[in-house]
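Here is what each chain is made of, one letter per residue.
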Amino acid sequence: DILVMATTYAWLWTVLAFVLTWMVFHFIKRKKAETEEDDAKAEERRDGVADVIIVGAGVAGAALAYALAKDGRRVHMIERDLKEPERFMGELMQAGGRLMLAQLGLEDCLEEIDAQAAKSVAIYKDGKHATLPFPEDKRFPYEPVGCLLRNGRLVQRLRKKAASLTNVQLEEGTVKSLIEEKGVVKGVTYKNSAGEETTAFAPLTVVCDGCYSNLRRSLIDNKEDVHSYMVGYVTKNSRLEDPHSLHLIFSKPLVCIIYQITSEEVRCVAEIPADSTPSIANGEMSNFLKKTMAPQIPEKGNLREIFLKGIEEGLPEIKSTATKSMSAKLCDKKGVIVLGDAFNMRHPVVASGMMVALSDVCILRNLLRPLPNLGNTKKVSELVRSFYTIRKPMSATVNTLGSIFSQVLVATTDEAKEAMRQGCFNYLSSGDFRTTGMMAILGGMNPRPLTLVLHLIAITLTSMGHLLSPFPSPRRFWHSLRLFGWALQMLGAHLVDEGLKEMLIPTNAAAYRKTYMATNTVWP
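The rules behind the values
- Residues numbered from 1 in each chain as written.
- Predicted model: local features only at pLDDT ≥ 70, side-chain atom pairs only at ≥ 80, totals over all residues.
- Heavy atoms only, no water.
- Core = buried A, V, L, I, M, F, W, Y, C linked by side-chain atoms within 4.5 Å.
- Buried < 20%, exposed > 50% of the residue type's maximum accessible area, 1.4 Å probe, protein only.
- Helix = DSSP H or I, 4+ residues; strand = E, 2+ residues; numbered from the N terminus.
- Expected span 1.5 Å × (residues − 1).
- Contact = heavy atoms within 4.5 Å.
- Pairing = 2+ DSSP bridges.
- Axes fitted to C-alpha atoms, helices over the stretch in contact; angles between N-to-C directions.
- Phe/Tyr/Trp six-rings, centres within 6.5 Å; stacked < 30°, edge-to-face > 60°.
- Lys NZ or Arg CZ within 6 Å of the ring centre and 35° of its normal.
- UniProt positions renumbered as here; feature names shortened; annotations may be inferred.
- Domains from an automatic or database assignment.
- Buried area = accessible area lost by both parts, 1.4 Å probe.
- Salt bridge = Lys/Arg side-chain N within 4 Å of Asp/Glu carboxyl O.
- Polar contact = N/O pair within 3.5 Å; in protein donor to acceptor, adjacent residues only side chain to side chain.

A. Local environment of the nonpolar core. Among the nonpolar cores identified, the biggest contains 135 residues, and I54, I123, L154, V188 and L248 are the most heavily contacted of them. Here this core takes 11 residues from helix α7 (residues 353–368), the largest share from any one element. If you look at the next biggest cluster of nonpolar residues, it comprises 23 residues, including A122, L289, M293 and I306.

B. Inspection of helix α4 (residues 151–163) at higher detail. Here α4 is 13 residues long and its end C-alpha atoms lie 18 Å apart, about the 18 Å a rise of 1.5 Å per residue gives. N151, G152, L154, V155, L158, R159, K161 and A162 are the residues of α4 that are buried. Those residues of α4 hidden inside the fold are in contact with α2 (59–70), β2 (75–79), β3 (92–93), α3 (95–103), β8 (168–181) and α7.

C. Expanded view of the pairing of strand β5 (residues 120–125). For β5, the buried fraction is high: 6 of the 6 residues fall into the buried class. Of the two faces of β5, the one lined by S120, A122 and Y124 and the one lined by V121, I123 and K125 are each fully buried. As defined by bridge partners, β5 adjoins strand β6 (residues 128–133) across 6 bridges and the pair is classed as antiparallel. What sits directly across from Y124, in β6, is H129. Between the end of β5 and the start of β6, which pair antiparallel, lie 2 residues, with D126 showing a positive phi angle near 50 degrees. For β5 and strand β13 (residues 245–249), the ladder comprises 5 bridges, and the chain directions are parallel. Paired with A122 across the two strands is H247, which belongs to β13.

D. Highlighting the side chain of S463. Along the chain, the position of S463 falls in helix α12 (residues 449–468). Taking relative accessible area as the criterion, S463 reaches 0% and is therefore assigned buried. Aside from chain neighbours lying at most four places away, what touches S463 is A419, M420, G423, C424 and L483.

E. Local environment of the sheet that holds β2. Taken together, 7 strands build an open sheet; the order of strands is β10-β9-β8-β2-β1-β11-β17 and the sheet is mixed. Two strands bound the open sheet, and with one partner strand each, they are β10 (197–201) and β17 (336–338). Averaged over neighbouring strand pairs, the angle between their axes works out to 35 degrees when direction is ignored. Contacting β1 (52–55), β2, β8 and β11 (204–207), α2 runs over the sheet at an angle of about 170 degrees to β2.

F. Main features of the packing of aromatic side chains. Tallied over the full model, the rule gives 3 aromatic pairs. In this arrangement the basic side chain of R434 is found over the ring face of Y427, its NZ or CZ atom lying 5.7 Å from the centre. Its guanidinium or amino end placed over the ring of F471, R476 lies 5.4 Å from that ring's centre, counting from NZ or CZ.

G. Molecular detail of the UniProt feature "transmembrane region" (unreviewed entry) in the protein chain. With numbering aligned to this structure, UniProt lists the feature "transmembrane region" (unreviewed entry) at residues 6–28 and 49–69. Between the first and last C-alpha atoms of residues 49–69 the distance is 13 Å; the span itself is 52% helix and 19% strand.

H. Representation of unusual backbone geometry within the structure. In the segment running from K252 into P253, the intervening peptide bond is cis, with an omega of 5 degrees. Assignment of secondary structure puts P253 in the loop between β13 and β14 (256–262). Positive phi, normally seen in glycine, also occurs at E112, with a value near 60 degrees. Along the chain, the position of E112 falls in the loop between α3 and β4 (116–118).

I. Representation of the domain arrangement of the protein chain. Splitting the protein chain by domain gives domain 1 (1–42), domain 2 (52–113 + 151–224 + 335–375), domain 3 (226–324) and domain 4 (400–515). Its C-alpha centre places domain 3 at a distance of 27 Å from the equivalent point of domain 4. Listed as interface residues are 7 residues of domain 3 and, on the opposing side, 5 residues of domain 4. The largest share of the area that domain 3 buries against domain 4 comes from F250, P253 and L254, three residues that together contribute 66% of it. Linking domain 3 with domain 4 are 0 salt bridges, by the criterion used here. Linking domain 3 with domain 4 are 3 residue pairs in polar contact (both at pLDDT 80 or more), by the criterion used here.

Right under this line is the structure:
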């Protein structure tokens, strides 16, 4: 009996000691977390009035400033130049981008800028033509129509709406560097409009200063690739016979694009190889556009007439910009997030950069919303890592589509590659589920990487069939194998870059659609 009692007491004391140890451990852990939270709040109060500093007031920066301010955050937005931007990229807001604007409460920014409805893409190759409408999709809770517009006007509307909130400070200034303490970004050093160098502090800094970002190099080890140049100008006092289509011409060596940006202005764009760009200053570019590209523009729908009119009426202001791509890399530094073109770029042939940026803004706003204190750098860093994964369905789909299409659309004497180019045209112009499927992906209405992969495989097989017809021969069979290998090489590069899991497992895409593309996610 004594032995039994001793054993029982020993077990009781052991259990009691374990419970007390567990309680002390969790008490210490909770007090430590509370102390860190209090320190972060004290630091936030010490750092100044802003909760967030946003570097850059373009589409991404202005939209994020408005979204965070509506959630009660104090936002300090610093933009290098507050005049209306003069650029010819970012002139198509896809239907998916319009949905994101609506979710952020910013869709009215598309009003009063003379934007034109974009209902379809018209493609032209070797005298053939097809119109590819954006399809109705029951799973997409919005009108399947994009907007063709002047980018600068949209940016000014977004800035004005963000600055209308009392907790947004919009300031003109050039950010020179980030302020860091012990590996944590605390704020920025910038030169204000008076030329004075000053500082601003906040618990969180968001860098979204565009494709020419001077802060990106200090944050992420990433380089942009330049593939070609887009050369564009505006033909004034003109209207296309089909103003609601973006007209894509499979010209040589690279594509031409023509579209209505206002009720009386048409944008004409030609893609030029990076290694053989004619000079704009001495008139070589105008001569190249007139003699080399214009004859390839179809006369149908007054396209060629408008293309030539813009060149002949007093030499328009021709502008050139590099087509860049840059994969998204996670920033390891605390207290800072990189967003927009400073974070991720893809070839502009798919015209989806603004849509991806606005999708990222929606995701980031949704992640930060329940966080009471942005000074908790550990928690913010965890949210940024989850942001990198959540954004993949939209970003990986668009990045892959832009990269592969930009390579496939290059005219060449290589039989295998030219067969892929022809197969792409045939697939898109089929008019059946192939057309609607690809247009739903292009418009951001079905951001599913796996669906895109299946379409790309089907395009490859279609192209191989075109190459092998009317009957296989050793030479045609060899070129079809080369074509298949090239397709695998292009697709494989993106499977590695974007991640096999993110590209091939549909659960992430399903979660993205449920959270960000459902009718009940239009946030106030």
